[in-house]
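Results of the structural survey
Here are the chains, one letter per residue:
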Amino acid sequence: MGHTSLEKIIALQKKTPHIRNLCILAHVDHGKTTLADCLVASNGIISSRLAGKVSGPTENYQLLNCMVVIAGGNEYLINLIDSPGHVDFSSEVSTAVRLCDGAIVVVDAVEGVCPQTQVVLRQAWLENIRPVLVINKIDRLIVELKLTSQEAYTHLQKILEQVNAVTGSLFTSKVLEERAEKDAEAQSSCTENGSGDQVYDWSAGLEETDDSDLYFSPDRGNVVFASAIDGWGFSIHQFAEMYSQKMGIRSSVLLKTLWGDFYLNAKAKKIMKGAQSKGKKPLFVQLVLDNIWSMYDAVVTRRDKEKVEKMVTSLGLKVMSRDLRHSDPKVLLSAICSQWLPVSQAVLSMVCEKLPSPAEISAERVEKLMSVGARRFDSLPEQTQELKKAFLDCSADETAPVIVFVSKMFAVDSKALPQNKQRPLTQEEIAQRREQARQRHAERQAANQSAESPGSALSVKTAVEEDNKEHFVAFARVYSGVLRKGQKVFVLGPKYDPSLALRLPEGCSAADVLPSVPHMACCTVDSLYLLMGRELEELDEVPTGNVLGIGGMEEFILKSATISTSPSCPPFTPLNFEATPIVRVAVEPKHPSEMPKLVRGMRLLNQADPCAEVLIQETGEHVLVTAGEVHLQRCLDDLRERFAKIEISASKPIIPFRETVIRPPKVDMVNEDMGKQQKVAVIHQVKEEQTKYPEGVQVDSTGLVTLTTPNKMATVGVRAIPLPEEVTRLLEDNVELIRTMEQFSLFAWEDKTLDINQKILENIQEFKVKLESNLQGRKWRGAVERIWAFGPRRCGPNILLNSVEGYRRPSVWQCLEREKETEKAEIRDFDNSIASGFQLATLSGPMCEEPLMGVCFSVETWDMKLSAPLAQQDSIDEDSQTAEPNIDNQNESSDTHETNASSASSNRSRSGAEAAGSSVDCYGPFSGQLIAAMKEACRYAFQAKPQRLMAAMYTCEIMATAEVLGRVYAVLSKREGRVLQEEMKEGTDMFIIKAVLPVAESFGFADEIRKRTSGLASPQLVFSHWEVISSDPFWVPTTEEEYLHFGEKADSSNQALKYMNAVRRRKGLYVEEKIVEHAEKQRTLSKNK
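Described below are features of the structure shown in this document. Owing to the predicted nature of the structure, the values given are computational and were not obtained by experimental measurement. (Residues numbered from 1 in each chain as written. Predicted model: local features only at pLDDT ≥ 70, side-chain atom pairs only at ≥ 80, totals over all residues. Heavy atoms only, no water.)

1. Concerning the side chain of Asp 82
Tracing the chain through its elements places Asp 82 in strand S3 (residues 74-82). Buried charge without a partner: Asp 82 forms no salt bridge, and the closest opposite charge is Lys 32, 5.7 Å away. In this structure the side chain of Asp 82 is engaged in a polar contact, spanning 3.3 Å, whose partner is the side chain of Thr 33. (Helix = DSSP H or I, 4+ residues; strand = E, 2+ residues; numbered from the N terminus. Buried < 20%, exposed > 50% of the residue type's maximum accessible area, 1.4 Å probe, protein only. Lys, Arg positive; Asp, Glu negative; His and termini not counted. Salt bridge = Lys/Arg side-chain N within 4 Å of Asp/Glu carboxyl O. Polar contact = N/O pair within 3.5 Å; in protein donor to acceptor, adjacent residues only side chain to side chain.)

Here's what the structure looks like:
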């Protein structure tokens, strides 16, 4: 098939039913890129001899190729996106999957279903796209594992079962979720109707649901067996048609029997069932695999020339004599197989027949795309719901609204843009350029004679810089309408609310002058591109259902957005990212003068990478946050070579930790029971430590910290309590709900109302019930109703409890109580100051200034003595007024002004005189003192309990052969890893090891494992959870056993202390350590004589 002309592609773009948008998904190194190259080579875009050798790792870019394929007498336009397989780049998979209607899932015939295979199948499932399966690398079963064709058949059956098991589990969970929702609705309707008799239906709903189109099976035509590196692949359709002519059996019969427990009875010339029980060869082995095995035997193993020639003539193929003489048998094999069973033909015909066109988009997928966050589709405005019809029609009419989704922005060099491309010159242009060059030469000579002109050199330099500038192209797909060059459109950000469009005039368009709406911008489409691998071709218009590139959007889109001509279009649901950005590095230029270039480069990188984040910390450091070590390396290389184009130095990775408190441990560091004597010793220690605390701080034996502000006007009593692990996890998972509740409370303070949809209110109610069920016991009685705030940043995994007697403040659950008429709770003065102090305390803990996690601070006393110091204060004022009346008046008025402003901001109702009186204070505004006092009280309360550090943990999945298992375990134990399970993969000698590993120990882990196992094991690291490090960072040996166990100076290193000191050292905090240890006097050689 030759190279396709642009005109043909443009014509096919208008035939929506003949378009196929698909991506290739797989685990790393399962042969995605080789398969993609084979498909692209069939269209003449690259040479077939270079397939699998040209692309290298796809982690650096995302390929999109437009191909024209003829299948079943029709021409199809295929938009093929290749995506990376490494877990660090799963965000790229998400961006690809969103734009597609189908996916080719590639599975290695030897390794079978791997961790990342499960992830990509789940991503395809979540986006409601239809997958087809390619079992690749079948040549490894012959050449490496040396299986017989019968064993290979059994092995392939097992792989199919594994893939179907993953799909089946996803389907089951979905059906059960829907069933649970129906049950809940039925239960609520029963309680409303008051019917006493209930008949429970024990069926799970799986029986009625049709799942026949879910599974992969060769006889259904959605499985291809292939070896992409050798260029062959087949579906059983091809063999069914081939043998129906030879054997005179209908192809429909062969289709049903070629895969399964059927065999050929040669005498009766019938296909019979029960091959396994009768010990016969199944049809698939006899008619398909045996032929391939004999081909490999003749060409690769024995190199039998006569047999090869006989095979070639019987198949009617033409093989060049050069290939027959080649010393590498793989060349000959590839030449024969690529003609006999071309992989591109098998895969592309399966794609055209089995994958849906953009016009076949399901209503379920449309509703899922349009339902942002917790908003249900039926809760969206009417105009928005009407757009569902435009999605389903997928029409390219003039009246149809344009709806486009941009899944990512990618950077291209300005030289790659079509308008900047060099084209062949005409004779006149060549003559003109020759004349211009002569003139320039004459001018330069004249200039050299007079003097050198600095201006011209400068202009050349700026022109070069302009040439090297990166341009951004939006990677997008048209879901409805026709997108045209120069068209005015709305760009809707991910947080845009379509209900705001109701305020705009009806029938308005992006060309009109409209009032500003949050997260909505109007812009003109600069240019449209067809993406052909790395080539860009300019287009004037793109009809619905096509994948395209849009130029000139960098000013309006950061990472992803929705483009529409209708303002009532909702933003699409955010992409599902499997990897969480966790690895941070601080970046700075080698030469400080190049700082502006670095800032610009980091801004471009942030826009180009869907998963990377760029932050500027309070310290002024520029921090890059990435998903893992490989992703980090790619981002740094991009910064150096593409975006900043300067030398940069990156710090060691900044590892995040969390600080927490735990219940008093029952055993000490040597696992001895902590007896009464030790408890007494601990109480004495508390009394000794009491002397260390500054004036105004009291800590009792139960851990209650009482702290008085420096002006003696307020006293705060705080206690720290560890939260149960389930509660911490619950708070982490419901950050968005907590943020919504906080927003509602903020609006209520300002006497405004915030509309929250019913679905979110139900979720908040469910969250509250779960909290109550997890906070059981005497000390947590009524705690959920007394929650004052969450922190840090008002939505973190820590809680502030209001245990002050007689103080009843508005609940954080106000949004649930707005229907009920509750008595108005009064907010005490300076209520905000207490909450602010808590927020500051939880943002940076006392151990190493890292955020707290899983800590509950209970405010038990809060006394204010505002009236006592006033008289004393007035007398001081009178004395000072006699000396300096003017200055004091100014101070008093400014203080009064400050207090009034602060009291207005926190919604306090107090008389002006009282406010003025209390604020005249030599220590500054009183609220600031209270914030500082609350922060210190929380820190001391935290230190009064057993403190622990929490480390971020990766789950680590390693596939390794039996002979290197010991080395894998050695590397894991050296890096504080913990093995959770180990299982052998059926039918192979591979083991799958699941372990957890601290993020702090993971740098260089993949390289070390590969070195130690000679590349036979490769780990996949995904951020999992936070885990408490059991060792106490402040522990020192005291008893005899501890000295024996740990040595006098605790020689065996305390892991928590090591991490804590490393963080303190990085932040410039004081680290308690001896600089010189075990110092000895130097002895010179002369003394030793």
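2. Quick word on the sheet that holds strand S22 (residues 622-626)
On the basis of which strands lie adjacent, the open sheet formed by four strands has the order S21-S22-S20-S23 and antiparallel pairing. Bordering the open sheet on either side are strand S21 (613-616) and strand S23 (648-650), each of which pairs with just one other strand. Adjacent strand axes in the sheet meet at a mean angle of 30°, parallel and antiparallel pairs treated alike. Where S21 and S22 come together, four bridges link them in antiparallel fashion. Each bridged residue has a counterpart across the sheet, and for Val 614 the counterpart in S22 is Leu 624. Where helix H18 (residues 595-608) meets the sheet, its contacts fall on strand S20 (583-589), S21, S22 and S23, and the angle it forms with S22 comes to roughly 25°. Against the sheet, helix H19 (residues 629-643) engages S20, S22 and S23, with an angle of about 135° to S22. (Pairing = 2+ DSSP bridges. Axes fitted to C-alpha atoms, helices over the stretch in contact; angles between N-to-C directions. Contact = heavy atoms within 4.5 Å.)

3. Considerations on the pairing of strand S9 (residues 270-273)
Alignment of strand S8 (residues 262-265) against S9, held across four bridges, turns out to be antiparallel. Bridge pairing in S9 links Leu 264 to Ile 271. Between S8 and S9, which follow one another and run antiparallel, lie four residues, and Lys 269 among them has a positive phi close to 50°.

4. Focus on helix H10 (residues 305-315)
An α-helix turns once every 3.6 residues. As a result, residues three or four positions apart point the same way. Three or more residues of H10 are buried, namely Val 308, Met 311 and Val 312. Looking down the long axis of H10, one finds its buried residues gathered within 100° of arc, a one-sided arrangement. Exposed and facing more than 90 degrees away from the buried side of H10 are Glu 306, Lys 310, Thr 313 and Ser 314. Check the buried side of H10 and you find it contacts helix H9 (283-301), helix H11 (321-325) and helix H12 (329-340). You can read the cap of H10 off the contacts: a side-chain oxygen lies 3.3 Å from the backbone nitrogen of Glu 306, and it is on Asp 304. Two residues or fewer past H10, Gly 316 is found with a positive phi of approximately 70°. (Arc of directions from axis to C-beta.)

5. Observations concerning helix H23 (residues 758-774)
If you check H23, its first and last C-alpha atoms are 24 Å apart, about what 17 residues at 1.5 Å a residue would give, namely 24 Å. All of the buried residues along H23 are Ile 760, Leu 761, Ile 764, Phe 767, Lys 768 and Leu 771. The buried residues of H23 occupy an angular sector of 120° when projected down its axis, which confines them to one face. Buried residues along H23 sit in contact with helix H21 (725-733), helix H22 (735-749), strand S28 (787-791) and helix H24 (814-817). (Expected span 1.5 Å × (residues − 1).)

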